[in-house]
Amino acid sequence: NAGVTQTPKFQVLKTGQSMTLQCAQDMNHNSMYWYRQDPGMGLRLIYYSASEGTTDKGEVPNGYNVSRLNKREFSLRLESAAPSQTSVYFCASRSGGGSGNTIYFGEGSWLTVV
Amino acid sequence: AQKITQTQPGMFVQEKEAVTLDCTYDTSDPSYGLFWYKQPSSGEMIFLIYQGSYDQQNATEGRYSLNFQKARKSANLVISASQLGDSAMYFCAMRGVFSGGYNKLIFGAGTRLAVHP
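Presented here is a report on the structure given in the accompanying data block.

Thresholds applied
Residues numbered from 1 in each chain as written. Chains lettered and ligands numbered in written order. Predicted model: local features only at pLDDT ≥ 70, side-chain atom pairs only at ≥ 80, totals over all residues. Heavy atoms only, no water. Helix = DSSP H or I, 4+ residues; strand = E, 2+ residues; numbered from the N terminus. Rg over C-alpha atoms; globule rule 2.2 N^0.38 Å. Buried < 20%, exposed > 50% of the residue type's maximum accessible area, 1.4 Å probe, protein only. Contact = heavy atoms within 4.5 Å. Areas by Shrake-Rupley, 256 points an atom, 1.4 Å probe, with all protein chains shown as cover. Lys, Arg positive; Asp, Glu negative; His and termini not counted. Charge placed at Lys NZ, Arg CZ, Asp CG, Glu CD. Polar contact = N/O pair within 3.5 Å; in protein donor to acceptor, adjacent residues only side chain to side chain. Buried area = accessible area lost by both parts, 1.4 Å probe. Salt bridge = Lys/Arg side-chain N within 4 Å of Asp/Glu carboxyl O. Disulfide = S-S within 2.5 Å.

### Topic: the overall build of chain A
Now for step 1: A count of helical and extended segments in chain A gives 0 helices and 11 strands.
Now for step 2: Its helices and strands in sequence order give chain A the pattern β-β-β-β-β-β-β-β-β-β-β, from N to C terminus.
Now for step 3: In summary, chain A has a C-alpha radius of gyration of 13 Å against a globular reference of 13 Å for 114 residues, a match within 12%.
Now for step 4: Counting only C-alpha atoms and orienting by the principal axes, one finds that chain A spans roughly 40 × 25 × 25 Å.
Now for step 5: For chain A, the proportion of its 114 residues judged to be buried stands at 45%.
Now for step 6: Of the contacts made within chain A by residues no fewer than 6 positions apart, 52% connect residues no fewer than 24 positions apart.
Now for step 7: For chain A, the accessible area works out to roughly 5100 Å², and carbon and sulfur atoms hold 48% of it.
Now for step 8: Charge centroids of chain A, computed over 10 positive and 8 negative side chains, lie 3 Å from each other.

### As for the environment of N58 of chain B
Residue and element names in this part refer to chain B.
Now for step 1: By the element assignment, N58 lies in the loop between β6 (46-52) and β7 (60-61).
Now for step 2: Separated by 17 residues in the primary sequence, N58 and A75 place their C-alpha atoms 9.4 Å from one another.
Now for step 3: Among all residues touching N58, those that are not within four sequence positions of it are Q51, L66, N67 and F68.
Now for step 4: Looking at N58, its side chain comes within polar contact range of the main-chain nitrogen of F68, at 3.3 Å.

### Remarks on the interface of chain B and chain A
Now for step 1: Listed as interface residues are 23 residues of chain B and, on the opposing side, 24 residues of chain A.
Now for step 2: Here chain B packs against chain A, burying approximately 1800 Å² in sum over the two surfaces, 57% of which is carbon and sulfur.
Now for step 3: Applying the counting criterion to the chain B and chain A interface returns 0 salt bridges.
Now for step 4: No other element matches the 5 residues that strand β5 (residues 32-39) of chain B contributes to the side of chain B that touches chain A.

### Some remarks on the state of the cysteines
Now for step 1: Tallied over the full model, the rule gives 2 disulfides over all chains.
Now for step 2: The side chain of C23 of chain A participates in a disulfide bridge whose partner is C91 of chain A; the two sulfur atoms lie 1.8 Å from each other. A torsion of -75° about the S-S bond marks the disulfide between C23 of chain A and C91 of chain A as left-handed. Highlighted residues: C23 of chain A in strand β3 (residues 19-25) and C91 of chain A in strand β9 (residues 87-94), separated in sequence by 68 residues.
Now for step 3: Look at C23 of chain A and you get buried, because its relative accessible area is 3%.
Now for step 4: Given the relative accessible area of 0%, C91 of chain A is considered buried.
Now for step 5: The disulfide bridge from C23 of chain B ends at C92 of chain B, spanning 2.0 Å between sulfur atoms.

### Looking at unusual backbone geometry
Now for step 1: Omega for the bond connecting T7 of chain A with P8 of chain A falls within 30 degrees of zero, at -5°, which places this linkage in the cis form.
Now for step 2: If you trace the backbone, P8 of chain A turns up in the loop between β1 (4-7) and β2 (10-13).
Now for step 3: The phi dihedral of A81 of chain B is positive, around 50°, even though this residue is not glycine.

### Considerations on the environment of F68 of chain B
Residues and elements named next belong to chain B.
Now for step 1: Secondary-structure assignment places F68 in strand β8 (residues 64-69).
Now for step 2: Through-space distance from the C-alpha of F68 to that of Q56 is 9.5 Å; in sequence the pair is 12 residues apart.
Now for step 3: Residues within four places of F68 in sequence aside, it is in contact with Y25, Y32, L34, Q51, G52, S53, N58, S74 and A75.

So this is what it looks like as structure tokens:
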């Protein structure tokens with residue numbers, strides 16, 4: 001009963017380093033999302049993917065790239081990490097179609113850039 | 001542009017009492033969905049309740065109900081009979097179905113609820 005799985009859960013990076021956050025869902029969902037949550041704030045959408053092979057920018061895409069590798073996996077890459085990217089990152093997925101459908105979140109990835 | 005506003009940074013409630021968390025939204029999409037999520041201190045996001053813009057009745061899920069007033073563009077969460085375990089951060093979110101809003105889920109800043117014994 002895995003749902004949405006994110007790795008790593010915790011990571012510390014030095015400024016300028018690169019890394020990729022991995023996300024996989026086993027619910028055969030079409031849509032996948034990456035959000036960031038800064039202390040005391042709500043989630044802001046970084047990128048989303050409506051279906052395999054498509055990606056679109058959200059509210060705060062600068063400094064990030066994404067890859068929808070297949071229907072299961074949606075990765076988020078920081079090419080040159082900056083302290084402003086210190087945040088908690090959430091991956092989420094949803095089945096397509098209609099105006100309903102619960103969105104399932106992963107447990108979050110805590111990223112610190114020093 | 002879509003926007004979600006939660007004007008209450010923090011709320012306090014006595015155990016077993018009801019509490020209302022406010023949420024207003026703005027969208028030009030003709031069809032949209034409204035969600036409430038709970039985020040306890042452990043960090044995970046827990047889905048609570050959903051309301052579709054064309055749903056005639058207010059959504060209810062156990063102790064949670066959504067007071068949906070479409071004309072006022074508000075979607076307040078009502079928690080009845082509060083429990084200590086309800087202490088958490090609560091987020092209102094909106095998803096558009098058509099045009100530029102499709103597949104985008106936008107969150108409010110959240111309301112931190114503290115339940116006192």
